[in-house]
Amino acid sequence: MNSRSTTRHNHPLALITASLLLASGGPANAMSECEFIIRTMNKLGSRMSVLRMTIASTDDKEKQDLASQQLDQYNSDYRLAKKQFSKANCGDTWSRD
């Protein structure tokens, strides 16, 4: 297993948070907490889909194991973001569509 690959994704929520904060650029481009959480959830959902496809489409056990570990972390981060969405009283503006 490639140690660089596994350590790179230990805290994807933190990486996503940092990248979104840097991308916002300042007050003119600031987003609300709810918008930020929605973007985070969407990004995690997209990455989880790619990992599920990787697991389903490869016979390489090492790739499957790595993708499975990353998927587990993203699932945890997604659940945490969803709880924060509810805690921030963002309402039902986010849908599963």
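Note that the structure is a prediction, hence the values are computed from the model and not measured. (Residues numbered from 1 in each chain as written. Predicted model: local features only at pLDDT ≥ 70, side-chain atom pairs only at ≥ 80, totals over all residues. Heavy atoms only, no water.)

K.L.:
Is there a simple way to think about the overall build of the protein in this case?
P.N.:
When you go through the protein residue by residue, the secondary structure sums to four helices and zero strands. Secondary structure elements of the protein, listed N to C terminal, follow the sequence α-α-α-α. Burial status across the protein gives 27% buried among its 97 residues. Across the protein, the fraction of contacts at a sequence separation of at least 24, relative to all contacts at a separation of at least 6, is 66%. Counting only carbon and sulfur atoms, one obtains 51% of the accessible surface of the protein, whose full area is about 6,800 Å². (Helix = DSSP H or I, 4+ residues; strand = E, 2+ residues; numbered from the N terminus. Buried < 20%, exposed > 50% of the residue type's maximum accessible area, 1.4 Å probe, protein only. Contact = heavy atoms within 4.5 Å. Areas by Shrake-Rupley, 256 points an atom, 1.4 Å probe, with all protein chains shown as cover.)

K.L.:
Help me understand the environment of Leu-71 in this model?
P.N.:
Along the chain, the position of Leu-71 falls in helix H4 (residues 61-87). When its relative accessible area of 12% is taken as the criterion, Leu-71 is described as buried. Sequence separation between Leu-71 and Leu-51 is 20 residues; the distance between their C-alpha atoms is 6.2 Å. Apart from residues lying up to four places away in sequence, Leu-71 is in contact with Met-48, Leu-51, Arg-52 and Ile-55.

K.L.:
I would appreciate a short explanation of the state of the cysteines in the present structure.
P.N.:
A covalent bond bridging the sulfur atoms of two cysteines is what the word disulfide describes. Applying the stated criterion across every chain yields a total of one disulfide. The residue that forms a disulfide with Cys-34 is Cys-90, at a sulfur-sulfur distance of 2.0 Å. Across the disulfide from Cys-34 to Cys-90, rotation about the S-S bond amounts to roughly -90°, and the bridge is consequently left-handed. Of the two residues, Cys-34 is situated in helix H3 (residues 33-57) and Cys-90 in the segment after H4; the sequence distance between them amounts to 56 residues. (Disulfide = S-S within 2.5 Å.)

K.L.:
Help me understand the nonpolar core in this model?
P.N.:
Within soluble globular proteins, side chains that are nonpolar tend to cluster in buried spots. Among the nonpolar cores identified, the biggest contains 13 residues, and Ile-37, Met-41, Met-48, Leu-51, Tyr-74, Tyr-78 and Phe-85 are the most heavily contacted of them. Elements with a contribution of two residues or more to this core: H3 and H4. Leaving out residues up to four positions away in the same chain, Met-48 has contacts with Leu-71, Tyr-74, Asn-75 and Tyr-78. (Core = buried A, V, L, I, M, F, W, Y, C linked by side-chain atoms within 4.5 Å.)

K.L.:
Would you mind showing me how to read the pattern of salt bridges here?
P.N.:
Should the charged atoms of two oppositely charged side chains come close, the side chains can pair. For the structure on display, the rule yields one salt bridge. Between Asp-65 and Lys-61 there is a salt bridge, with the nearest N and O atoms lying 3.3 Å from each other. With Asp-65 and Lys-61 both in helix H4 and four residues apart, the pair spans about one turn of that helix. (Salt bridge = Lys/Arg side-chain N within 4 Å of Asp/Glu carboxyl O.)

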